[in-house]
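Single-letter residue listing:
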Amino acid sequence: MAVNLKGRSFLTLEDFTPGEIRYLLDLAHDLKAKRRSGVWDPAMKGKHIVLLFEKTSTRTRCSFEVAMTQEGGSVTYLDAASSQMGKKESLEDTAKVLGRFFDGIEYRGYDQSVVEDLAKFSGVPVWNGLTDADHPTQILADMLTIEEHCAKPLNKVKVVFPGDVRNNMCYAWMIGAAKMGMHFVAMGPKELAEQMDQHLLERVFAIARETGGLIEVTDERSCLQDADVIYGDIWASMGEEAQTQKRAELLSPFRVTMDTLAAANNPNVLYMHCLPSFHDFETKMSQEWHDKGVDIREVTDEVFRSKHSVVFDEAENRMHTIKAVLVATIGK
């Protein structure tokens, strides 16, 4: 069946069928191969997009900017200090103005409702670069990376996520895994599991029943058995820095170590992480907390630098998959 995503917004993978997600992954594989072979057939000449960032970023910003530029388009960047959105101008008015100037809008910030309202009022495709509830472009990059490194179809892959099971990355993975019929395990303390979005859980369980996937939530270490991917994320997300010490105390039993990888009983198990990662004490924040006697590392440096780690391939794939989303929704 032909897939046409022209004019569509990319707010959450819940909005897309498994076939549409498959199309985006295949397009990303194709665009990456073309780039590496030196084939240049720009799909966005004359197109202009704007990036709205209320949360800082390295990979998301660079991915959108490089992807758009490589395809012949142009980019305007606005951070919270550069825009009147929500200050002197309502979100609705800002969306309507930007929709007159640009062919598409990327938003990275806090509330999912903001990206949804931008799509509602702008009249152009809107792409979710991260909210507190979801991170769909990251999941596309993760799936592309898995397909490059794991000799299994996605619907035979098991992903285990040790850590903060009620954060946006865990939720995004639940949605993506359910859509693609994968086995996903959220592995974390009961205290955090009890805070998970119950409505989301009901939805992903229902989706998984339709696709043949399996979504689980547990604090049992036995869930690591037969994992193909062990996935990490920092313990205190952007905006939650005040919770850092408490989270470190709560989540330290879920730190990914070489013993964690060994528990998978899979010599080819992959370690993945959306980045940035606290894996050593070479960052200002990790060193400051270390000086206070608090270890905020969600993964050991040994794991992060091991043969199992594909985190930098994964980071590169942010650009290729975001390029696929741009080409699919506003390209020629």
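What counts, and at which threshold
Residues numbered from 1 in each chain as written. Predicted model: local features only at pLDDT ≥ 70, side-chain atom pairs only at ≥ 80, totals over all residues. Heavy atoms only, no water. Buried < 20%, exposed > 50% of the residue type's maximum accessible area, 1.4 Å probe, protein only. Helix = DSSP H or I, 4+ residues; strand = E, 2+ residues; numbered from the N terminus. Arc of directions from axis to C-beta. Contact = heavy atoms within 4.5 Å. Pairing = 2+ DSSP bridges. Axes fitted to C-alpha atoms, helices over the stretch in contact; angles between N-to-C directions. Expected span 1.5 Å × (residues − 1). Core = buried A, V, L, I, M, F, W, Y, C linked by side-chain atoms within 4.5 Å. Salt bridge = Lys/Arg side-chain N within 4 Å of Asp/Glu carboxyl O. Polar contact = N/O pair within 3.5 Å; in protein donor to acceptor, adjacent residues only side chain to side chain. Phe/Tyr/Trp six-rings, centres within 6.5 Å; stacked < 30°, edge-to-face > 60°. Lys NZ or Arg CZ within 6 Å of the ring centre and 35° of its normal. Right-handed = clockwise from strand over helix to strand, strands pointing away.

Colleague: How should I be thinking about helix H9 (residues 244-251) in this particular structure?
Modeller: Because an α-helix completes one turn every 3.6 residues, residues spaced three or four positions apart along the sequence face the same direction. Taken together, the buried positions of H9 are Thr-244, Arg-247, Ala-248 and Leu-251. End-on view of H9: buried residues confined to an arc of 100°, all on one side of the axis. As for H9, its buried residues are in contact with helix H7 (190-193) and helix H11 (284-291).

Colleague: Help me understand the sheet that holds strand E5 (residues 158-162), please; the structure alone is not making it clear to me.
Modeller: The strands making up a sheet associate through hydrogen bonds between their backbones, and the pairing can be parallel or antiparallel. Strand order in the open sheet made by the five strands is E7-E6-E5-E8-E9, with parallel pairing throughout. Among the strands making up the open sheet, the edge pair consists of strand E7 (214-218) and strand E9 (270-273). Within the sheet, the average angular offset between the axes of one strand and its neighbour, ignoring direction, is 20°. Of the pairings in the sheet, the one linking E5 to strand E8 (residues 229-232) comprises two bridges and is parallel in character. Paired with Val-160 across the two strands is Ile-230, which belongs to E8. Docked against the sheet, helix H6 (residues 168-179) engages E5, strand E6 (183-187), E7 and E8, running at close to 160° with respect to E6.

Colleague: What should I look at first to understand helix H5 (residues 136-149) in this one?
Modeller: An ideal rise of 1.5 Å per residue puts 20 Å on 14 residues; H5 measures up with 20 Å between its terminal C-alpha atoms. Among all positions of H5, only Pro-136, Thr-137, Gln-138, Ile-139, Leu-140, Ala-141, Asp-142, Met-143, Leu-144, Thr-145 and Ile-146 are buried.

Colleague: Is there a simple way to explain the sheet that holds strand E2 (residues 74-79) in this structure?
Modeller: With respect to topology, four strands assemble into an open sheet ordered E2-E1-E3-E4, the strand pairing being parallel. The sheet is open, and its two borders are formed by E2 and strand E4 (126-130), each paired with just one other strand. Ignoring strand direction, the axes of neighbouring strands in this sheet form an average angle of 20°. Here strand E3 (residues 104-108) runs beside E4; their pairing, made up of four bridges, is parallel. Residue pairing across strands places Tyr-107 opposite Asn-128, the latter belonging to E4. Strands in contact with helix H2 (residues 59-70) are strand E1 (48-53), E2, E3 and E4; relative to E1, the strand with the most contacts, it is inclined by about 175°.

Colleague: Would you explain unusual backbone geometry in this entry?
Modeller: Excluding glycine, most residues fall at negative phi; most peptide bonds, likewise, are trans. Note that the residue after Leu-275, namely Pro-276, is joined by a cis bond; omega there is 0°. For Pro-276, the position within the fold is in the loop between E9 and H11. A positive phi angle is found at Asn-265, which is not glycine, with a value near 55°. Relative to the helices and strands, Asn-265 is located in the loop between helix H10 (258-262) and E9. When its relative accessible area of 53% is taken as the criterion, Asn-265 is described as exposed.

Colleague: Teacher, can you tell me more about the nonpolar core here?
Modeller: Nonpolar side chains tend to gather and get buried jointly when the protein is soluble and globular. If you look at the biggest cluster of nonpolar residues, it comprises 93 residues, and the most contacted ones within it are Ile-146, Trp-173, Met-174, Met-182 and Phe-184. Sorting elements by how many residues they give to this core places helix H13 (residues 311-330) first, with 10 residues. Setting aside anything within four residues of it in sequence, one finds Ile-146 in contact with Leu-154, Val-157, Val-159, Trp-173, Met-182, Val-229 and Met-272.

Colleague: What is the right way to read the pattern of salt bridges from this model?
Modeller: Pairing is possible between side chains of opposite charge, provided their charged atoms come close. Counted under the stated rule, the structure contains 20 salt bridges. Residue Lys-323 is joined to Glu-71 by a salt bridge in which the shortest nitrogen-to-oxygen separation is 3.8 Å. Of the two residues, Lys-323 is situated in helix H13 and Glu-71 in the loop between H2 and E2; the sequence distance between them amounts to 252 residues. By relative accessible area, which is 2% here, Lys-323 ends up buried. The partner of Arg-166 in a salt bridge is Asp-164, with the nearest N and O atoms 2.5 Å apart. A single burial state applies to Arg-166 and to Asp-164, both of which are buried. Among the charged side chains, a network of salt bridges with common partners joins Arg-22, Asp-26 and Glu-147.

Colleague: How should I be thinking about the side chain of Ser-277 in this particular structure?
Modeller: When you line up the elements, Ser-277 lands in the loop between E9 and H11. A polar atom in the side chain of Ser-277 sits 2.8 Å from the side chain of Glu-298. Excluding anything up to four places from it in sequence, Ser-277 contacts Ile-234, Glu-298, Val-299 and Phe-304.

Colleague: I tried to follow the packing of aromatic side chains on my own but got confused; where do I start?
Modeller: The way to describe two aromatic rings as a pair is by their centre distance and the angle between their planes. Enumeration over the complete set of coordinates arrives at nine aromatic pairs. Aromatic pair Phe-10 and Phe-16: ring centres 5.3 Å apart, planes at 50°, arrangement tilted. Across the ring face of Trp-289, the terminal group of Lys-292 is positioned such that the distance to the ring centre comes to 4.4 Å.

Colleague: Before we go on, may I ask you to explain the pairing of E6 in this structure?
Modeller: Where burial is concerned, most of E6 is hidden: four out of the five residues are buried. Note: E5 against E6, five bridges, orientation parallel. Bridge pairing links Val-160 to Val-185 in E6. Each parallel crossover has a hand, and for E5 linked through H6 to E6 it is right-handed. Bridge count between E6 and E7: five bridges; the pairing is parallel. Its bridge partner being in E7, His-183 is matched across the sheet by Leu-214.

As far as function goes, none of this settles anything; it's purely spatial.
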